[in-house]
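Single-letter residue listing:
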Amino acid sequence: MAVVLLMYALDDKSEGLRVTLDTNRHRYDEKSWEVGQAVFKDWWWILDYKILSNSNRLRTIRGAPKLQLSIP
């Protein structure tokens, strides 16, 4: 069931996994990959600091808020 939930989070059109073209027009550069809030809210515990840092960098460039955990 967890794998299904992860796939739904990754497939979220606005806040799932976003892959942009790098300066060489490649999608394989790790700096082109961004996880969104839909992925981060449930899967933060498996994400590496480098992934989070890069995702926040890309989000800042496009004017989106940084990834945040909502603590009730």
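Refer to the structure printed above.
Predicted model, so just to flag it, every value in this text is computed and none were measured.

A. Examining the overall build of the protein more closely. Each helix and strand in the protein was counted, giving 3 helices and 2 strands. Its helices and strands in sequence order give the protein the pattern α-β-β-α-α, from N to C terminus. For a compact globule of 72 residues, the expected C-alpha radius of gyration is about 11 Å, and the protein comes in at 12 Å, within 12% of that figure. Reported as C-alpha extents along the three principal axes, the dimensions of the protein are approximately 40 × 25 × 20 Å. Expressed as a percentage of its 72 residues, the buried residues of the protein come to 28%. Considering only residue pairs separated by 6 or more positions, the protein has 36% of its internal contacts joining residues 24 or more positions apart. Surface exposure of the protein reaches about 5700 Å², of which carbon and sulfur atoms provide 60%.

B. Structural context of the pattern of salt bridges. Counted by the stated rule, this structure contains 5 salt bridges. Of the charged contacts, one joins D11 and K13 as a salt bridge, the two residues approaching to 3.9 Å between their closest N and O atoms. For D11, a relative accessible area of 52% puts it in the exposed group. A salt bridge links E15 to R59; the shortest N-O distance between them is 2.9 Å. Linking E15 in the loop between α1 (2-11) and β1 (17-19) with R59 in helix α3 (residues 49-61), this pair joins segments that are 44 residues apart in sequence. The buried category is assigned to R59, whose relative accessible area is 2%. Counted as one network, the salt bridges with shared partners bring together E15, E34, R59 and R62.

C. Spotlight on the layout of surface pockets. There is about 210 Å³ of room inside the largest pocket. Broken down by secondary-structure element, the contributors of at least two residues to the lining of the largest pocket are β2 (33-35) and α3. For the lining of the largest pocket, the residue count by class is 4 nonpolar, 2 polar and 4 charged.

D. Geometry of a nonpolar patch on the surface. A cluster of nonpolar side chains, W44, W45, I46, L69 and I71, forms an exposed patch at the surface whose accessible area comes to about 600 Å². Residue position: W45 is located in the loop between α2 (37-43) and α3.

E. Main features of the side chain of N56. Looking at the element boundaries, N56 is found in helix α3. The residues contacting N56, other than those within four sequence positions of it, are K66 and L67.

So, how was this worked out
- Residues numbered from 1 in each chain as written.
- Predicted model: local features only at pLDDT ≥ 70, side-chain atom pairs only at ≥ 80, totals over all residues.
- Heavy atoms only, no water.
- Helix = DSSP H or I, 4+ residues; strand = E, 2+ residues; numbered from the N terminus.
- Rg over C-alpha atoms; globule rule 2.2 N^0.38 Å.
- Buried < 20%, exposed > 50% of the residue type's maximum accessible area, 1.4 Å probe, protein only.
- Contact = heavy atoms within 4.5 Å.
- Areas by Shrake-Rupley, 256 points an atom, 1.4 Å probe, with all protein chains shown as cover.
- Salt bridge = Lys/Arg side-chain N within 4 Å of Asp/Glu carboxyl O.
- 1 Å grid on protein atoms, 1.4 Å probe; cavity = no way out; pocket = protein on both sides within 12 Å on 5 of 7 lines; lining within 4 Å.
- Points joined across faces, edges and corners; volume = space filled by probe spheres on them.
- Nonpolar A, V, L, I, M, F, W, Y, C, P; charged D, E, K, R; others polar.
- Patch = residues over 30% accessible without salt bridge, like charges linked within 9 Å, V, L, I, M, F, W, Y side chains within 5 Å.

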